[in-house]
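One letter stands for each residue in the lines below.
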Amino acid sequence: MIDTQTLIDCTGAARADAERYTLHLADGMNRFGIHSVNAMAAFLGQLAIESDELQKVEENLNYTTPARLREIFPSLFVKGGYRAEEYVRNPRGLSTLRYKGFHGRGLIQLTWEDAYVAAGHSLGVDFRRHPELLLQPQYAAQSACWFFAVFKDCLPAAERGDVYEVTGRVNGPARLKLAERKAITARAYKVLSQ
């Protein structure tokens, strides 16, 4: 079972953020079989990046320039014909356009309706009708554990210490911030092995 100080040491989180999530993460990690040192380290390495060290539980869709929107969402604003200017400082509109309202929420940024529905079935909560529940510490943490262990089936790769594969499963083929994920996973492994 993970404690607050271990969570801080593994993820770099501030104490207040770690305290908010420790019990919920411990419960979720236990429930979904994230037990071994390798699995916990890989999970915490992904969690630290996806949540910005446990600070964020919602994707920031508040873009301030049309150019940035075109860069991040070229399929919508370059090829798709939508006017980027209409979505500047319009997170709700962008969420509806891009994700049908099911943008990244929770500590691992659960995204898309099918993931919300599946997480809800597993956790016994209707995230489809009440996506805001994923912003609450209990569900932000438990949905992350479920996503990692069940929805993306990361445990086999985590057990092998394959951060590249785990990152691909969690973040997609772009594997954003792979070097940072590897570094945090290595730090977490060292902390958890003591």
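What this report covers is the structure whose coordinates are included nearby. (Residues numbered from 1 in each chain as written. Predicted model: local features only at pLDDT ≥ 70, side-chain atom pairs only at ≥ 80, totals over all residues. Heavy atoms only, no water.)

Of the regular secondary structure elements, the chain holds 11 helices and 0 strands. Counting from the amino terminus, the chain carries its helices and strands in the arrangement α-α-α-α-α-α-α-α-α-α-α. Along the first, second and third principal axes, the C-alpha atoms of the chain reach 55 × 35 × 30 Å. Burial status across the chain gives 48% buried among its 194 residues. Here the analysis covers contacts within the chain between residues at least 6 apart in sequence; of these, 60% occur between residues at least 24 apart. Summed over all atoms, the accessible surface of the chain reaches about 9700 Å², with 49% contributed by carbon and sulfur. Of the charged side chains in the chain, 24 are positive and 22 negative; the average position of the first set lies 5 Å away from that of the second. (Helix = DSSP H or I, 4+ residues; strand = E, 2+ residues; numbered from the N terminus. Buried < 20%, exposed > 50% of the residue type's maximum accessible area, 1.4 Å probe, protein only. Contact = heavy atoms within 4.5 Å. Areas by Shrake-Rupley, 256 points an atom, 1.4 Å probe, with all protein chains shown as cover. Lys, Arg positive; Asp, Glu negative; His and termini not counted. Charge placed at Lys NZ, Arg CZ, Asp CG, Glu CD.)

What follows deals with the packing of aromatic side chains. This structure, assessed with the given rule, holds 9 aromatic pairs. With a centroid separation of 5.6 Å and 75 degrees between ring planes, the pair formed by Phe127 and Tyr139 is classed as edge-to-face. A residue pair is termed long-range when its members are at least 10 positions apart, and Phe127 in the loop between α7 (113–123) and α8 (137–151) and Tyr139 in helix α8 qualify at 12 residues. Tyr139 gets classed as buried once you look at its relative accessible area, which sits at 16%. Among the aromatic residues, those joined into a ring-pair cluster are Tyr63, Phe73, Phe77 and Tyr87. The ring centre of Tyr164 lies 3.8 Å from the NZ or CZ of Arg175, which sits over that ring. (Phe/Tyr/Trp six-rings, centres within 6.5 Å; stacked < 30°, edge-to-face > 60°. Lys NZ or Arg CZ within 6 Å of the ring centre and 35° of its normal.)

Looking now at the pattern of salt bridges. All chains considered together, the criterion is met by 12 salt bridges. Measuring nitrogen to oxygen at the nearest pair gives 2.6 Å for the salt bridge that ties Arg20 to Asp17. On the criterion of helical spacing, the pair formed by Arg20 and Asp17 is a turn pair, its members being 3 residues apart in helix α2 (residues 15–31). For the salt bridge of Arg105 with Glu58, the shortest nitrogen-to-oxygen distance reads 3.7 Å. Residue Arg105 is found in the loop between α6 (91–99) and α7, and its partner Glu58 is found in the loop between α3 (37–50) and α4 (66–72); the two are separated by 47 residues along the sequence. For Arg105, a relative accessible area of 10% translates into the label buried. The class of Glu58 is partly exposed, set by a relative accessible area of 35%. A cluster of three or more residues bridged by salt bridges with shared partners is formed by Arg160, Asp162, Glu165 and Arg169. (Salt bridge = Lys/Arg side-chain N within 4 Å of Asp/Glu carboxyl O.)

Turning our attention to α3. The terminal C-alpha atoms of α3 lie 20 Å apart, and with 14 residues this matches the ideal 20 Å at 1.5 Å per residue to within 8%. Burial runs high along α3: 12 of the 14 residues are buried. Regarding α3, the residues found buried are Ala39, Met40, Ala41, Ala42, Phe43, Leu44, Gly45, Gln46, Leu47, Ala48, Ile49 and Glu50. Here the buried face of α3 lies against α1 (4–11), α2, α8, α9 (155–159), α10 (163–171) and α11 (178–193). Asp52 sits one or two positions beyond α3 and adopts a positive phi of about 55 degrees. (Expected span 1.5 Å × (residues − 1).)

This part takes up unusual backbone geometry. Backbone geometry at Arg89 places phi at a positive 50 degrees, although glycine is not the residue there. On the secondary structure map, Arg89 appears in the loop between α5 (74–77) and α6. By relative accessible area, which is 56% here, Arg89 ends up exposed. The backbone phi angle of Lys177 is positive, close to 55 degrees, even though this residue is not glycine. Turning to its location among the elements, Lys177 is positioned in the loop between α10 and α11.

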